[in-house]
Amino acid sequence: MFTKQMKREGYKVLMPNMAPIHFRILANVFRSFGYNCELLETTGPEIAQTGLKYVHNDTCYPALLVIGQFINALQSGKYDVHKVALMMTQTGGGCRASNYIDQLMLLSNQTKPYEVNKGETMALVERWSDKISAMLIEGKGYSLEEIDENLHKLTKDFSKIPLNRVPKVKVGVVGEIYVKYSKMANNGLEDFLAEQDCEVCLPGLMGFASFKVDNRIEDYKMFGGNRIKYEFCKRLLDYVTSLETLMIESAERFHFVPPHCYAHTKELVKGVIGYGSKMGEGWLLTAEMLELAETGYENIVCTQPFGCLPNHINGKGAIRKIKEVKPNANIVTIDYDPGAPKVNQENRIKLMLAVGREELKKKIEAEQAKKEEEKTA
């Protein structure tokens, strides 16, 4: 256990890296409170192999990678193993294993594929990450008024990036939360999709936060329980919804594609899967695929650890029903584990993209034909 004495003695605190933009700001905040922490950014097959050496192979893939990354760091010789601490978190749920930041991810994903000056988007992400860290450290940017003002400035800055809006295949990425965001876990999926000339959409953590709070409300409705807890969770969900509304409004104000509000996402899943399915990403995983298909990101990569049963049920198991509701959905499920060859994963994604490119071609031809008809009319 980490103690105050360890903090005073300057113990190095190693942090795993699930979501790069989110965790970088988290690390900055911990440093501001006097913790000597470092965000691990190591990748490569040796990390999974290290995890396999020390972790039972029935343990979930994300846990195997996090533990493997820690042990790999401790064995590197870079750290004094007698003055190092490992930061690990868990949800406390059935799994074995942020408002400004979600907006940064949303905007960068919609500008980076089209930027005229390569690198400009990620440079702006870096600048705003530093600004946000500084604000939070100083105790600023927490009120709804401050959040609204800062989101306006942040989104306005991204709207000034010169873009060349050529048609591209739009791809949504869903799945188990660690594998979905972590470059190490998904073999650099976002970079691969960028190399394939795609625009990528990753649903943010705001929806996941709403989902976790709302689960407690649904528990009360289905099973009863503590009324005070129920009322508290309702108020907390209202607050998260107000933050989400500010994100949506600022995105729309500068003509970006906003995420759906959580209430609409939840509505989409009615008749497809029940709200009682809430282990892991639960029904939200199914709902996000429906949402992506509705907002133009109908080409979907569903990422899942090989042994994650909730993801197989709510992801792969829901595809047939999703296609009944959204026939345009073009979904591929990709399993990730230490033995899954990267080339096989990428080849399956390429097959999905081939269908996506064909559909995009048909849309462009249909639009051109419509314009020709309007000229001759």
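Look a little higher up for the structure.
The structure displayed is predicted, hence computed values, not measured ones. (Residues numbered from 1 in each chain as written. Predicted model: local features only at pLDDT ≥ 70, side-chain atom pairs only at ≥ 80, totals over all residues. Heavy atoms only, no water.)

*Asks:* Whenever I open this one, the packing of helix α3 (residues 45-54) against helix α4 (residues 61-74) confuses me. Can you help?
*Replies:* Packed helix pairs are specified by the crossing angle of their axes together with the interaxial distance, meaning the distance between the axes. Between α3 and α4, whose axes approach to 7 Å, the crossing angle comes to 100°. Between α3 and α4, the angle falls in the class roughly perpendicular. On α4, the residues touching Glu46, Ile47, Ala48, Thr50, Gly51, Leu52 and Tyr54 of α3 are Leu64, Leu65, Gly68, Gln69, Ile71 and Asn72. Tallied by class, residues from the contact of α3 with α4 come to seven nonpolar, five polar and one charged. (Axes fitted to C-alpha atoms, helices over the stretch in contact; angles between N-to-C directions. Helix = DSSP H or I, 4+ residues; strand = E, 2+ residues; numbered from the N terminus. Parallel < 35°, antiparallel > 145°, perpendicular 65-115°, else oblique. Contact = heavy atoms within 4.5 Å. Nonpolar A, V, L, I, M, F, W, Y, C, P; charged D, E, K, R; others polar.)

*Asks:* Please explain the environment of Lys363 as it appears in this structure.
*Replies:* Counting through the fold element by element, Lys363 comes out in helix α16 (residues 342-376). Taking the C-alpha atoms as reference points, Lys363 and Glu176, separated by 187 residues in sequence, lie 32 Å from one another.

*Asks:* Would you mind going over the packing of helix α10 (residues 205-223) against helix α13 (residues 282-294) with me for this structure?
*Replies:* At a closest axis distance of 10 Å, the pairing of α10 and α13 adopts a crossing angle of 140°. The orientation of α10 with respect to α13, classified from their angle, is oblique. The handedness of the crossing between α10 and α13 comes out as right-handed. Two secondary-structure elements touch here, α10 through Gly207, Phe208, Phe211, Asp214 and Asn215 and α13 through Gly282, Trp283 and Leu284. (Left-handed = near helix turned anticlockwise from the far one by under 90°.)

*Asks:* Quick question: what am I supposed to make of the pairing of strand β6 (residues 299-305) here?
*Replies:* Sheet faces and side chains relate simply in a regular strand, where the side chains alternate between the two faces. Taking burial as the measure, the seven residues of β6 include seven buried ones, the bulk of the element. Of the two faces of β6, the one lined by Asn299, Val301, Thr303 and Pro305 and the one lined by Ile300, Cys302 and Gln304 are each fully buried. Sheet topology note: the strand β4 (residues 169-175)/β6 ladder contains five bridges and is parallel. What sits directly across from Val173, in β6, is Val301. Looking at chain direction, β6 and strand β7 (residues 330-336) are connected through seven bridges and run parallel. Across the sheet, residue Gln304 finds its bridge partner in β7, namely Asp335. (Buried < 20%, exposed > 50% of the residue type's maximum accessible area, 1.4 Å probe, protein only. Pairing = 2+ DSSP bridges.)

*Asks:* I would appreciate a short explanation of a nonpolar patch on the surface in the present structure.
*Replies:* A cluster of nonpolar side chains, contributed by Leu144, Phe232, Leu236 and Tyr239, occupies part of the molecular surface with about 370 Å² of accessible area. The element contributing the most residues to the nonpolar patch is helix α11 (residues 227-253), with three residues. Here Phe232 lies in helix α11. Residue Phe232 is classed as exposed on the basis of its relative accessible area of 56%. (Patch = residues over 30% accessible without salt bridge, like charges linked within 9 Å, V, L, I, M, F, W, Y side chains within 5 Å. Areas by Shrake-Rupley, 256 points an atom, 1.4 Å probe, with all protein chains shown as cover. Salt bridge = Lys/Arg side-chain N within 4 Å of Asp/Glu carboxyl O.)

*Asks:* Where do I start with the sheet that holds strand β5 (residues 198-201) in this structure?
*Replies:* Paired through backbone hydrogen bonds, the strands of a sheet run either parallel or antiparallel to each other. Strand order in this open sheet of four strands is β5-β4-β6-β7, and the pairing throughout is parallel. Both outer strands of the open sheet, β5 and β7, are each paired with one neighbouring strand and no more. For this sheet, the mean inter-axis angle between neighbouring strands, taken without regard to orientation, is 25°. The pairing of β4 with β5 spans four bridges and is parallel. Each residue of the ladder has a partner; that of Lys170, found in β5, is Glu199. The strands touched by α13 are β4, β5, β6 and β7; relative to β4, the strand with the most contacts, the crossing angle is about 170°. Relative to β7, α16 is tilted by about 170°, and along the sheet it contacts β4, β5, β6 and β7.

*Asks:* Hey, could you run me through the nonpolar core in this one?
*Replies:* Val171, Tyr181, Leu193, Trp283, Val301, Ile349 and Leu353 are the most contacted members of the largest nonpolar core, which totals 77 residues. With eight residues, the top contributor of residues to this core is α13. The next biggest cluster of nonpolar side chains, apart from the first, holds 17 residues, and it includes Ile21, Leu106, Trp128 and Phe256. (Core = buried A, V, L, I, M, F, W, Y, C linked by side-chain atoms within 4.5 Å.)

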